[in-house]
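For reference, the chains in residue letters:
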Protein chains: 2
Amino acid sequence: MNELTIGKLAKKAGVTIDTVRFYERRGLINEPARTQSNYRIYPEEEVAHLRFIKKAKELGFSLNEIKQLFKLQDDPKASKSDVKEWTEIKIWEIRRRIEDLSKILSALEQLTVSCDGHGPVSECPIIGVLSGDLEESKQHHP
Amino acid sequence: MNELTIGKLAKKAGVTIDTVRFYERRGLINEPARTQSNYRIYPEEEVAHLRFIKKAKELGFSLNEIKQLFKLQDDPKASKSDVKEWTEIKIWEIRRRIEDLSKILSALEQLTVSCDGHGPVSECPIIGVLSGDLEESKQHHP
DNA sequence: CTTGACCTTTGACCATAGTCTAATGTTTAT
DNA sequence: ATAAACATTAGACTATGGTCAAAGGTCAAG
Ligand SMILES: [Zn+2]
Ligand SMILES: [Zn+2]
Ligand SMILES: [Zn+2]
Ligand SMILES: [Zn+2]
C-alpha cells in the first residue's frame, strides 16, 4: 500500500514534522514502523488520526483529553455514553468560560464609557478603578 | 510610617511571597528598599499596587500588558486616550474569544444531540465526526 | 541560648503545545 | 559523484504565571 515518511504524513495532515514527533512522545500516536535506515513509516490511515487530533483540538480538547478519547475508542468495555459524557463536560466547561469572559467584558465596557479619552492619565477613571479609586499617591512604579 | 516586610505585604495583598518576588523580577513592582539585614521593606502603598495587578489580571490583562499600563501611568506624555485605546483593544480581543468559544460550543452541542448514548463506542457519531465520518479502520491507537 | 518564624539567594520545576538547533545519516536528482 | 532534500537523535528554548527546594542568615519569645 501507500506508506508515508514523516514529511509526507505531516504535510497531508497539515501539521509540522516536529508536531508529529511530539505527539508520538506524548503517546497520542503509536510508534510507527521503521525502515532499515531507521526512518519512520506510517500507513495512510495515520493521516486521519492526526486530523482527528486537529479537529478535537479545535473543539477545545487538550492533548491529554484527546489521549483519553483514544483510550475510550480502544476500550471494549467503553460505551457511547462515556463519549457523550465527556462531550457534555466539555460543553459545561466552555459555557463557564463564556460566562466568565462575558463578565470581564461588561466590566471593561463600563470602564471605557466612563473615560472620555481626554486629558492626562492621572485623571483616567480606568486607571482609577484599577488603583482602587483614588489610592496610590504617585510615582513608585518601575 | 508603616513599613511592611514581604510577608506582611503579601498577606495584605492576597498573594504569596513568591509572587511578590516574581513580580519584582518581571519589573511589575520596583525593587524595594532593604533593611541592614537585607530584608525587603515596602511602603503601605505597595499593597494597592499589588491589588491593581490582581484586578487587571482578573480583567484579562497579562502581566506584560499590566507593565505597559504602569509605564503609561508614569509617562507624562501619555493621555487618557492611550488607556482607553488599550481597554478597547482588550474588549475586542475578549469579544473574539467569546465568539470562537460560541462556535465551538454549538459544534459540541450538535455532536451530543446526535449521540443517543447507547451502544459501543465504535458506533458513536461523536467519534465518527472527529474521525472524518467513517474513516480509520481500527486499532492502531496507542 | 535555643527554637521557630521569618527572610535571603539561586536555580530547578510544573503544565501546555510545541519549535528549533546541532550533529549526523540517507535518499534522490542532476 | 555530488548536492539538495529529507531523515534521525538529544536536548535546549519559547511563552505564561508562577511554585518549590536547598542552604543559609535574622529576629523575637521563652
Ligand atoms: Zn489511528
Ligand atoms: Zn481614561
Ligand atoms: Zn505603585
Ligand atoms: Zn456517542
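Look up a bit, the structure's there.
So, a few notes on the structure that sits alongside this text. Since we're looking at a predicted model, the values are computed, not measured.

## Looking at the relation of the copies chain A and chain B
Logical step 1: Between chain A and chain B, the superposition needs a rotation of 180° and an axial shift of 0.0 Å, giving an RMSD of 0.1 Å. Each copy turns onto its partner about a two-fold axis. For chain A, the minimum C-alpha distance to the rotation axis belongs to Ile98(A) and amounts to 2.9 Å.
Logical step 2: Counting the interface residues of chain A, we find that 100% of their copies in chain B are interface residues as well, pointing to one common contact surface.

## Looking at the sheet that holds strand E1 (residues 3-5) of chain B
In a beta sheet, neighbouring strands pair by backbone hydrogen bonds and run either parallel or antiparallel.
Residues and elements named next belong to chain B.
Logical step 1: Read across the sheet, three strands follow the order E1-E3-E2 without closing on themselves; strand pairing throughout is antiparallel. Pairing within the sheet leaves two strands with one partner each, and these edge strands are E1 and strand E2 (33-34).
Logical step 2: Across three bridges, the pairing between E1 and strand E3 (residues 40-43) is antiparallel. Directly across from Thr5, in E3, lies its bridge partner Ile41.

## A closer look at the coordination of the zinc ion (ligand 4)
Logical step 1: Taken together, the protein ligands of the zinc ion (ligand 4) are Cys115(B) (SG) and Cys124(B) (SG), with distances of 2.0 Å. The residues Cys115(B) and Cys124(B) share a single accessibility class, namely buried.

## Focus: the pairing of E3(B)
All names here are of chain B.
Logical step 1: By the bridge criterion, two bridges tie E2 to E3 in an arrangement that is antiparallel. Looking at the pairing, Ala33 lines up with Ile41 of E3.
Logical step 2: Once E2 ends, the chain turns through five residues before running back antiparallel as E3, passing Asn38 with a positive phi of about 75°.

## Quick notes on the sheet that holds strand E1 (residues 3-4) of chain A
Logical step 1: Ordered by their spatial adjacency, three strands build an open sheet running E1-E3-E2 (chain A), and the pairing between neighbours is antiparallel. The outermost strands of the open sheet, each flanked by one partner alone, are E1 and strand E2 (33-34) of chain A.

## Examining the environment of Ala10(B)
Residues and elements named next belong to chain B.
Logical step 1: Looking at where Ala10 falls in the secondary structure, it is placed in helix H1 (residues 6-13).
Logical step 2: The sequence separation of Ala10 and Arg21 amounts to 11 residues, and the corresponding C-alpha distance is 9.8 Å.
Logical step 3: Beyond its immediate stretch of four places on either side in the chain, Ala10 contacts Val15, Thr16, Ile17 and Val20.

## Concerning the pattern of salt bridges
Logical step 1: Taken as a whole and assessed by the stated rule, the structure comprises 14 salt bridges over all chains.
Logical step 2: With its nearest N and O atoms 2.9 Å apart, the salt bridge here joins Glu24(B) to Arg40(B). Taken together, the residues span a long stretch of sequence, with Glu24(B) in helix H2 (residues 17-25) and Arg40(B) in strand E3 at a distance of 16 residues.
Logical step 3: Residue class for Arg40(B) comes out buried when judged on its relative accessible area of 18%.
Logical step 4: Through salt bridges that share partners, Glu65(A), Lys90(A) and Glu93(A) make up one connected network.

## Let's talk about the protein's contact with DNA strand D
Logical step 1: Every one of the 21 residues lining DNA strand D counts as a neighbour, but Thr5(A), Arg21(A), Arg40(A), Tyr23(B) and Tyr39(B) are closest to it.
Logical step 2: Close to the protein, within 4 Å, the atoms of DNA strand D belong to sugar or phosphate groups at a rate of 75%.
Logical step 3: Arg40(A) is positioned such that a nitrogen or oxygen atom in its backbone is 2.7 Å from a phosphate oxygen of DNA strand D.
Logical step 4: Between Thr19(B) and DNA strand D, the recorded distance is 3.2 Å, taken from a side-chain N or O atom to a phosphate oxygen.
Logical step 5: Mapped by element, the contributors of at least two residues to the surface near DNA strand D are helix H1 (6-13) and helix H2 (17-25) of chain A together with H2 and helix H4 (63-74) of chain B.
Logical step 6: For the surface near DNA strand D, the leading source of residues is H2(B), giving five residues.
Logical step 7: Its residues assigned to classes, the surface near DNA strand D shows seven nonpolar, eight polar and six charged.

Conventions we followed
Residues numbered from 1 in each chain as written. Chains lettered and ligands numbered in written order. Predicted model: local features only at pLDDT ≥ 70, side-chain atom pairs only at ≥ 80, totals over all residues. Heavy atoms only, no water. Least-squares fit on C-alpha atoms with pLDDT ≥ 70 in both. Contact = heavy atoms within 4.5 Å. Pairing = 2+ DSSP bridges. Helix = DSSP H or I, 4+ residues; strand = E, 2+ residues; numbered from the N terminus. Donors = N, O, S within 2.8 Å, 3.2 Å for Na, K, Ca; no water. Buried < 20%, exposed > 50% of the residue type's maximum accessible area, 1.4 Å probe, protein only. Salt bridge = Lys/Arg side-chain N within 4 Å of Asp/Glu carboxyl O. Near = heavy atom within 4 Å. Polar contact = N/O pair within 3.5 Å; in protein donor to acceptor, adjacent residues only side chain to side chain. Nonpolar A, V, L, I, M, F, W, Y, C, P; charged D, E, K, R; others polar.

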